[in-house]
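Listed here are the chains, written in short residue letters.
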Amino acid sequence: MQLTTDEIESGKLNENNLEQATQTLCNEGFVVLDKVLEQSWVQKVKAAVSEELKAKYEGAEEDLARTRHHGGVESPLKTPFMDPLIIENPLVFQILKQVLGDRFFGCLPYGCNTVFPGSENQNVHRDCGHIFPEVKDPMPPLMVVVNISLDEFTAENGATEVWPGSHLLVDGSTDETARLRIPPARYSDLSSEQTLMSAGSIVLRDMRTWHRGMPNTSDQPRTMLSVVYYRQYFLPDNFMVSLNEDELSQFSDQAKLVFRLRQTKS
Ligand SMILES: O=C(O)CCC(=O)C(=O)O
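Asker: Would you mind showing me how to read the overall build of the chain here?
Answerer: When helices and strands are counted, the chain shows 10 helices and 12 strands. Relative to a compact globule of 266 residues, whose C-alpha radius of gyration would be 18 Å, the chain shows 19 Å and is just as compact. The C-alpha extent of the chain, read off along each of the three principal axes, is 55 × 45 × 45 Å. Among the 266 residues that make up the chain, the fraction classed as buried is 43%. In the chain, 25 positive and 38 negative side-chain charges are present, and the distance between their average locations comes to 5 Å.

Below you can see the structure in the form of structure tokens.
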């Protein structure tokens, strides 16, 4: 959807567009805010991400072949990767508050999805499953990924393919629940679209929505940043315990598994 210049400059959505963005995300499983970031800013971030990609993938042709030429890097915890427009974008946060509630949270580092020239189709998949796959009425969103396009997304360079409304479809089998992979028989008769958009656009996607990375037949990589946000549910603020090696050694394997959300203390 197109936002007004006023909304983009002020970082504040008007009531109608906030409602439309929220409804589109909830009903379709994703919403695209077209061209909301300045091109000079996009180029600056893209240059920094390209350096990281180069350091990881230069000479790593075998790794790339293994992943069908789809890849990505983790964001270093420094500028420009921690820019507020990426990690606390005001337009995005207004929508997230509507959809995930006031106390949503995110995790760092965030990632990126790069489709390199010569990539093949990914398998159609969800990034997360239904919280209660056994319940046939789908729940509201729990996890939303925010993608920021650092390139124009075209059919030629592998714009992501998505299945509108698929976030609400219950799983077809336990295998689908376990692997998050959707068999062709389930998706081939349903309509899909590619997220064609300008560089500097933002996509918010319910992570249950079926999607896949596509072939990039251009000669340039195509990248989007990927920041994930979660609804806060049954999660106390002190869920991360800090343990040193000595303290940890008194735990059984089972206790280590149950109390797995921990940091290492020196
Ligand atoms: O890069 C894309 O277009 C999609 C990537 C994706 O879905 C994934 O890696 O899980």
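Asker: Quick question: what am I supposed to make of the site of the ligand here?
Answerer: Every residue near the ligand is listed here: Asn113, Val115, Gln122, His125, Asp127, Thr160, His211, Gly213, Arg222 and Met224. The contact in question runs from an oxygen atom of the ligand to an N or O atom on the side chain of His125, over 2.9 Å. Relative to its unbound accessible area of 290 Å², the ligand is 84% covered by the protein chains. Sorting the residues of the shell around the ligand by element identifies strand 4 (111-115) and strand 10 (222-230) as the ones contributing at least two each. Here the shell around the ligand is built from residues that sort into two nonpolar, six polar and two charged.

Analysis parameters
Residues numbered from 1 in each chain as written. Predicted model: local features only at pLDDT ≥ 70, side-chain atom pairs only at ≥ 80, totals over all residues. Heavy atoms only, no water. Helix = DSSP H or I, 4+ residues; strand = E, 2+ residues; numbered from the N terminus. Rg over C-alpha atoms; globule rule 2.2 N^0.38 Å. Buried < 20%, exposed > 50% of the residue type's maximum accessible area, 1.4 Å probe, protein only. Lys, Arg positive; Asp, Glu negative; His and termini not counted. Charge placed at Lys NZ, Arg CZ, Asp CG, Glu CD. Near = heavy atom within 4 Å. Polar contact = N/O pair within 3.5 Å; in protein donor to acceptor, adjacent residues only side chain to side chain. Areas by Shrake-Rupley, 256 points an atom, 1.4 Å probe, with all protein chains shown as cover. Nonpolar A, V, L, I, M, F, W, Y, C, P; charged D, E, K, R; others polar.

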